[in-house]
Amino acid sequence: MAHSIGPMEFVRAAWLGLRRESSSILHAMGLASLMQSGSNAQGTLDYALDDPYQPDGAQGDAICDGRFSLAGDQLIARDGTDIWDMLTPSRAFAEQLHEHGWLRDVIAAPAHDGKTEARRLVDTWIERHGRWNSFVWSAPVMSSRILNWLRSGEDLLGETGEPDDAILRRRSLLVRQARHLLKTLPLAEDGRVRLRATIAVTATGLCLPRQANLQRAGLAALASEVARQILPDGGHVSRAPQATTEALIDLQGLVDIAEMANIPVPTEISRAINRLRPMVRFFQMADGGLAGFHGGGEFDKAAVEGTLTRADEPIKPFGFAPHSGYHRTEAGGATVLFDVGDAPRGALSTEAHASALAIEFCTPGGRLVVNCGWHDAQTSDWREAVRATAAHSTLVLGEVSSSKILSGGWKRDLLGARLVAPAGQVSARRNEGEMGIWLEGSQEGYRERYGLSHRRRIFLAADGGDLRGEDALFRPVTDGPPEDIEVRWPFAIRFHLHPSVKASLSRDNMSALLVQPNGDGWRFRTDGGPIALERSVYLAAGAPPQRATQIVIHGDAEPFGAGDRPPNRVRWAFQRLGRIGGAVGGIE
């Protein structure tokens with residue numbers, strides 16, 4: 001049932017925190033002198049990492065003018081003030097500022113000499129932070145910064161016509177950062193951060209001359225991490241589509257460099273890429289973006305497609321990812337993604353969502369049913385809210401989430417915002433036939449508190465024009481009768497609609513008309529009404545948050561039964577009507 005935090009988890013977290021603090025103190029005392037020697041970065045830049053992400057020239061021009069817009073906030077450097085001397089509005093802003101992901105935007109700035117400005121910003125950053133700072137030199141920030149420098153290639157690290165000492169200073173600091181990252185890999189946060197850190201170390205060793213030690217150590221550490229973090233079905237252990245895609249992009253770029261340098265890579269890395277590629281395709285929706293589960297959003301569509309199209313052989317589609325915990329079904333241009341897996345546990349759950357049995361539904365007209373999702377361009381104020389079950393297209397019982405997020409206090413300070421009560425024992429089944437495909441999942445995240453389990457069944461017709469579902473709340477027979485048979489538990493079944501979808505209720509509030517931007521119409525029906533149209537928000541496409549609508553079916557569940565009849569069973573359907581044009585009026 002509910003996963004509780006054992007004493008050893010606190011002990012391990014406290015010990016890791018102590019090691020990190022000790023490392024920080026030691027480096028603060030001695031790193032400055034250490035960094036003045038031992039970094040051999042002479043010679044030209046051997047290779048640069050390919051950058052698949054699309055630059056934003058307008059954003060680059062704004063940065064050249066001193067306006068930094070990051071993590072939903074803005075910081076303006078006026079009257080010659082250096083951005084590195086200013087207080088940042090949030091921790092998330094500071095992280096993105098020091099990760100230097102904006103370099104590609106500045107280099108592409110159409111109205112400025114972006115390359116010169118990018119080098120100036122990096123050089124002034126080196127003056128302020130090139131020695132030691134526990135935040136700036138932390139694993140998540142530094143590993144991203146290293147990869148962003150390497151992706152800037154010749155524009156930042158090559159022979160640019162500048163004084164040799166400026167170029168050498170950047171290359172030397174790049175090597176020093178990679179060496180520090182290598183030494184502190186065991187202290188890096190588990191999951192995405194540690195994987196990216198090993199990639200950053202390895203990429204530095206491959207791209208810069210005479211870094212054989214970094215190459216060997218990085219490749220060995222990376223082989224171990226991918227074997228541990230990339231699941232047999234190709235998903236990342238975080239269960240996040242975006243983390244899976246980022247892993248593929250980072251690893252593919254690294255292997256490309258290794259092939260050009262004629263350096264063999266461990267088979268674990270090649271095997272991981274071969275598994276990752278079909279999994280990324282699995283997560284891709286019809287519009288080219290990713291499904292919004294477990295801390296990610298639509299992502300950079302061009303980067304996704306560009307990485308997938310590089311495959312030497314066609315990617316073979318599949319419908320069930322048993323280790324990652326997702327069903328996918330397609331028919332008639334429609335796609336359904338169904339979350340039927342347990343949320344990650346422990347340190348891997350700090351960005352996970354309480355999204356058990358949530359769906360996303362994309363049609364030929366675009367995304368129809370979504371989750372609220374997440375994007376790093378949003379302000380951190382939204383982060384906690386969109387992890388809750390209510391931010392997903394699934395059933396919510398008793399107005400609480402199926403997986404509880406650790407609340408504030410010393411426990412959260414020590415362990416992070418992890419999930420402490422994952423929706424346990426999620427199960428799934430699939431049945432394919434000529435008429436369509438049946439999917440089924442169940443989860444017990446509410447069983448301990450309410451004595452009820454949640455089961456969801458979904459059917460997508462062969463022509464893609466009929467998506468039917470059934471949500472049921474049932475008491476397992478093994479639990480015996482409930483103590484109070486008179487109690488009723490309120491529930492809500494939520495379907496968050498994409499912001500582009502216009503919705504209107506029928507007169508009897510038992511159905512709704514949904515119209516997509518291309519004029520395609522869909523009718524939503526249910527036998528569990530009346531239904532309501534309530535406000536929602538969509539964050540998966542980037543800042544600012546977009547206003548949206550959600551269809552909500554409210555009900556009161558009995559504490560017993562098999563979930564085979566109302567009120568504990570609710571049926572619903574999305575059925576295609578054809579072209580409606582601009583009609584958004586009521587349904588007769």
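Rules used throughout
- Residues numbered from 1 in each chain as written.
- Predicted model: local features only at pLDDT ≥ 70, side-chain atom pairs only at ≥ 80, totals over all residues.
- Heavy atoms only, no water.
- Helix = DSSP H or I, 4+ residues; strand = E, 2+ residues; numbered from the N terminus.
- Rg over C-alpha atoms; globule rule 2.2 N^0.38 Å.
- Buried < 20%, exposed > 50% of the residue type's maximum accessible area, 1.4 Å probe, protein only.
- Contact = heavy atoms within 4.5 Å.
- Lys, Arg positive; Asp, Glu negative; His and termini not counted.
- Charge placed at Lys NZ, Arg CZ, Asp CG, Glu CD.
- Salt bridge = Lys/Arg side-chain N within 4 Å of Asp/Glu carboxyl O.
- Polar contact = N/O pair within 3.5 Å; in protein donor to acceptor, adjacent residues only side chain to side chain.
- Axes fitted to C-alpha atoms, helices over the stretch in contact; angles between N-to-C directions.
- Parallel < 35°, antiparallel > 145°, perpendicular 65-115°, else oblique.
- Left-handed = near helix turned anticlockwise from the far one by under 90°.
- Nonpolar A, V, L, I, M, F, W, Y, C, P; charged D, E, K, R; others polar.
- Pairing = 2+ DSSP bridges.
- Phe/Tyr/Trp six-rings, centres within 6.5 Å; stacked < 30°, edge-to-face > 60°.
- Lys NZ or Arg CZ within 6 Å of the ring centre and 35° of its normal.
- Core = buried A, V, L, I, M, F, W, Y, C linked by side-chain atoms within 4.5 Å.

A. How the structure looks around the overall build of the chain. The helix and strand tally for the chain stands at 15 helices and 21 strands. Here the C-alpha atoms of the chain give a radius of gyration of 25 Å, agreeing with the 25 Å that 2.2 N^0.38 yields for 588 residues. Projected onto its principal axes, the C-alpha positions of the chain cover 75 × 55 × 50 Å. In the chain, buried positions account for 57% of the 588 residues. Intrachain contacts of the chain at a sequence separation of at least 6 include 69% that bridge at least 24 residues. Within the chain, the 71 negative side-chain charges are centred at a point lying 3 Å from the centre of the 65 positive side-chain charges.

B. Just the side chain of R383, in detail. Tracing the backbone through its elements, the reader meets R383 in the loop between β7 (366-370) and β8 (395-397). Within the buried set, R383 has no salt-bridge partner at all; the shortest N-O distance to an opposite charge, 5.1 Å, is to E351. One polar contact links the side chain of R383 to the main-chain carbonyl oxygen of E351, over a distance of 3.2 Å. A polar side-chain atom of R383 sits 3.2 Å from a polar atom in the side chain of H353.

C. Local environment of the packing of helix α11 (residues 241-260) against helix α12 (residues 267-283). Across the interface, α11 lies against α12 with an axial gap of 9 Å and an inter-helix angle of 140°. In terms of their interaxial angle, α11 and α12 are classed as oblique. Seen along the crossing, α11 lies across α12 with a hand that is left-handed. Here P241, T244, T245, A247, L248, L251, Q252 and V255 of α11 lie close against α12, whose contacting residues are I269, A272, I273, L276, R277, M279, V280 and F283. Residues belonging to the contact of α11 with α12 are distributed by class as follows: 12 nonpolar, three polar and one charged.

D. Representation of the sheet that holds strand β18 (residues 520-526). Reading across the sheet, the eight strands line up as β11-β12-β13-β14-β21-β18-β17-β16 and stay open at both edges, with antiparallel pairing between neighbours. At either end of the open sheet lies a strand with only one pairing partner, and these are β11 (427-432) and β16 (502-505). Taken over all neighbouring pairs, the strand axes of this sheet differ in orientation by 15° on average, direction set aside. In the sheet, strand β17 (residues 511-515) pairs with β18 via five bridges, with the strands oriented antiparallel. Paired with V515 across the bridge in β18 is G521.

E. Spotlight on unusual backbone geometry. With an omega of 5°, the peptide bond running from G529 to P530 counts as cis. In this structure, P530 sits in the loop between β18 and β19 (531-538). You will see that H100, though not glycine, has its phi angle at about 65°, which is positive. Take H100: its relative accessible area is 0%, and that puts it in the buried class.

F. Broad picture of the packing of aromatic side chains. According to the stated counting rule, one finds 18 aromatic pairs in the structure shown. When the ring of Y446 is compared with that of Y450, the centres are 6.2 Å apart and the planes differ by 55°; the resulting orientation is tilted. Here a set of aromatic residues connected by ring pairs shows up, and it is made of F361, F495, W522, F524, W572 and F574. Sitting over the face of the ring of Y326, R239 holds its NZ or CZ atom 4.6 Å from the ring centroid. Positioned over the ring face of W374 is R383, at 4.8 Å from the centre of the ring.

G. Looking closely at the environment of A286. You can see A286 is positioned in the loop between α12 and α13 (301-308). What makes A286 exposed here is its relative accessible area of 52%. A sequence separation of 127 residues divides A286 from D413, and the C-alpha atoms of the two residues are 40 Å apart.

H. Focus on the nonpolar core. Ranked by internal contacts, the top residues of the largest apolar core, which has 87 residues, are F68, W102, W149, L150 and L251. Here this core takes nine residues from helix α9 (residues 192-207), the largest share from any one element. Core analysis: the second largest hydrophobic core is formed by 39 residues, V340, L452, I493 and I553 among them.

I. Inspection of the pattern of salt bridges at higher detail. Tallied over the full model, the rule gives 36 salt bridges. Measuring nitrogen to oxygen at the nearest pair gives 2.8 Å for the salt bridge that ties E225 to R228. Taken together, the residues span about one helical turn, with E225 and R228 both in helix α10 (residues 212-229) at a distance of three residues. According to the relative accessible area criterion, R228 is partly exposed, its value standing at 39%. The partner of R310 in a salt bridge is D256, and the shortest N-O contact between them spans 2.3 Å. With R310 in the loop between α13 and β3 (320-321) and D256 in helix α11, the pair connects residues that are 54 residues apart, well separated along the chain. Using a relative accessible area of 37% as the deciding quantity, one classes R310 as partly exposed. D256 sits in the buried class, given a relative accessible area of 15%.

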